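Here is what each chain is made of, one letter per residue.
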Amino acid sequence: LDERWSEWAAALADEPTTRRWLTVMAHSGDSQWWLLGGGLLWWRGRGRRREFGRRLVLTTAAAGAVSGSLKELVRRPRPVGGVRLLHLDFDRHSFPSGHATRVSALAMALGPLMPGWARGLLGLWSAAVGASRVLLGVHFISDILGGFVIGGVAGWLLSADRFLARRRSD
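If you're wondering where the values come from, they're calculated on a predicted model, not measured in any experiment.

What to know about the overall build of the protein chain
Part 1 of the argument: The helix and strand inventory of the protein chain stands at seven helices and zero strands.
Part 2 of the argument: Reading the protein chain from its N terminus to its C terminus gives the helix and strand order α-α-α-α-α-α-α.
Part 3 of the argument: Evaluated residue by residue, the protein chain yields a buried proportion of 42% over its 170 residues.
Part 4 of the argument: Total accessible area on the protein chain stands at roughly 9,700 Å², and carbon and sulfur atoms take up 66% of it.

Details of the pattern of salt bridges
Part 1 of the argument: Using the criterion set out here, one finds four salt bridges in the structure.
Part 2 of the argument: Glutamate 51 is the salt-bridge partner of arginine 55, the closest N and O atoms lying 2.9 Å from each other. Within this pair, arginine 55 and its partner glutamate 51 are both found in helix α4 (residues 48–74), separated by four residues, close to a single helical turn. One exposure class covers both arginine 55 and glutamate 51, and it is buried.
Part 3 of the argument: Aspartate 143 is paired through a salt bridge with arginine 76; the nearest N and O atoms lie 2.9 Å apart. One end of the pair, aspartate 143, is in helix α7 (residues 141–160); the other, arginine 76, is in the loop between α4 and α5 (98–110), with 67 residues separating them in the sequence.

Topic: the packing of aromatic side chains
How two aromatic rings sit relative to each other is set out by the distance from centre to centre and by the angle between their planes.
Part 1 of the argument: Inspection of the entire model under this criterion finds one aromatic pair.
Part 2 of the argument: Over the face of the ring belonging to tryptophan 43 we find arginine 44, whose NZ or CZ atom lies 5.2 Å from the ring centre.

A few points about the packing of helix α2 (residues 16–27) against helix α6 (residues 116–135)
Part 1 of the argument: Between α2 and α6, whose axes approach to 8 Å, the crossing angle comes to 125°. The pairing of α2 with α6 is recorded here as oblique in orientation. Viewed along their axes, α2 and α6 form a crossing whose handedness is left-handed. Listed contacts from α6 to Arg19, Leu22, Met25 and Ala26 of α2 are Trp125, Ala128, Val129, Ser132, Arg133 and Leu135.

Looking at the environment of leucine 12
Part 1 of the argument: Note on placement: leucine 12 falls in helix α1 (residues 2–12).
Part 2 of the argument: Placed 123 residues apart in sequence, leucine 12 and leucine 135 show a C-alpha to C-alpha distance of 7.1 Å.

Here we look at the side chain of arginine 78
Part 1 of the argument: Position of arginine 78 relative to the elements: it lies in the loop between α4 and α5.
Part 2 of the argument: Accessibility expressed as a relative area gives 14% for arginine 78, which makes it buried.
Part 3 of the argument: In terms of polar contacts, arginine 78 uses its side chain to reach the backbone carbonyl oxygen of valine 138, at 2.8 Å.
Part 4 of the argument: Reaching out from arginine 78, the side chain makes a polar contact with the side chain of histidine 139 at a distance of 3.3 Å.

Points about the confidence of the model for the protein chain
Part 1 of the argument: Of all residues in the protein chain, 87% attain a pLDDT of 70 or more, and the chain-wide mean is 85.
Part 2 of the argument: Averaged pLDDT values over the elements of the protein chain bottom out at 76 in α1 and peak at 93 in α5.

Re the side chain of threonine 101
Part 1 of the argument: Considering the arrangement of structural elements, one finds threonine 101 in helix α5.
Part 2 of the argument: Other than its neighbours up to four places away in sequence, threonine 101 contacts Ala63, Ser67, Pro96, Gly147, Ile150 and Gly151.

Considerations on the nonpolar core
Part 1 of the argument: With nine residues, the main nonpolar core is built from Leu56, Val103, Leu106, Leu110, Met114, Ala118, Leu122, Trp125 and Val129.
Part 2 of the argument: In terms of residue count, α6 provides more of this core than any other element does, four residues in total.
Part 3 of the argument: Non-local contacts of leucine 106, meaning those with residues more than four positions away in its chain, are made with Trp34, Leu56, Thr59, Thr60, Gly111 and Leu122.

Topic: the packing of α4 against α5
Part 1 of the argument: Running from N to C, α4 and α5 cross one another at 145°; their axes reach a closest spacing of 9 Å. In the packing of α4 onto α5, the handedness of the crossing is right-handed. Together, Phe52, Arg55, Leu56, Thr59, Thr60, Ala63, Ser67 and Lys71 of α4 and Gly98, Thr101, Arg102, Ala105, Leu106, Ala109 and Leu110 of α5 make up the contact between the two elements.
Part 2 of the argument: Partitioned by chemical class, the residues of the contact of α4 with α5 number seven nonpolar, five polar and three charged.

The rules we used
Residues numbered from 1 in each chain as written. Predicted model: local features only at pLDDT ≥ 70, side-chain atom pairs only at ≥ 80, totals over all residues. Heavy atoms only, no water. Helix = DSSP H or I, 4+ residues; strand = E, 2+ residues; numbered from the N terminus. Buried < 20%, exposed > 50% of the residue type's maximum accessible area, 1.4 Å probe, protein only. Areas by Shrake-Rupley, 256 points an atom, 1.4 Å probe, with all protein chains shown as cover. Salt bridge = Lys/Arg side-chain N within 4 Å of Asp/Glu carboxyl O. Phe/Tyr/Trp six-rings, centres within 6.5 Å; stacked < 30°, edge-to-face > 60°. Lys NZ or Arg CZ within 6 Å of the ring centre and 35° of its normal. Axes fitted to C-alpha atoms, helices over the stretch in contact; angles between N-to-C directions. Parallel < 35°, antiparallel > 145°, perpendicular 65-115°, else oblique. Left-handed = near helix turned anticlockwise from the far one by under 90°. Contact = heavy atoms within 4.5 Å. Polar contact = N/O pair within 3.5 Å; in protein donor to acceptor, adjacent residues only side chain to side chain. pLDDT = per-residue confidence, 0-100. Core = buried A, V, L, I, M, F, W, Y, C linked by side-chain atoms within 4.5 Å. Nonpolar A, V, L, I, M, F, W, Y, C, P; charged D, E, K, R; others polar.

Below you can see the structure in the form of structure tokens.
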């Protein structure tokens, strides 16, 4: 059922302009952007900006470690015939989606530092990144849902930990 629904969803996005927009959305969740931006904020920022950058880097790295480890354990093949994206040559496994794990972990870890409207936008962006991965045919729906759950739990644990908790001196 998961494979059938995922194939049906991927068939909806067959128009070239739609695929281009979906590809941009899918790549907006790539780890290098978040590591670079977070690293710059952590290095050059002050106060809340520095804390924000630290959370970006540490959460992105932790989510990558968790999803990468689980992919090696589960070894679920990706859907056949999906769009070729930048990182698929070395990332052959599908479950859990690293992008879904990352964006949901970021939403949970960064949420406490953001106003409500920004948390809402972050949630919508997370959903759009996950949907784009299915619509491009590079993940099954269960890969995305599993990534959201795993990343959400990881982000929640990280944000509750002293390691990511905001320092009172900032």
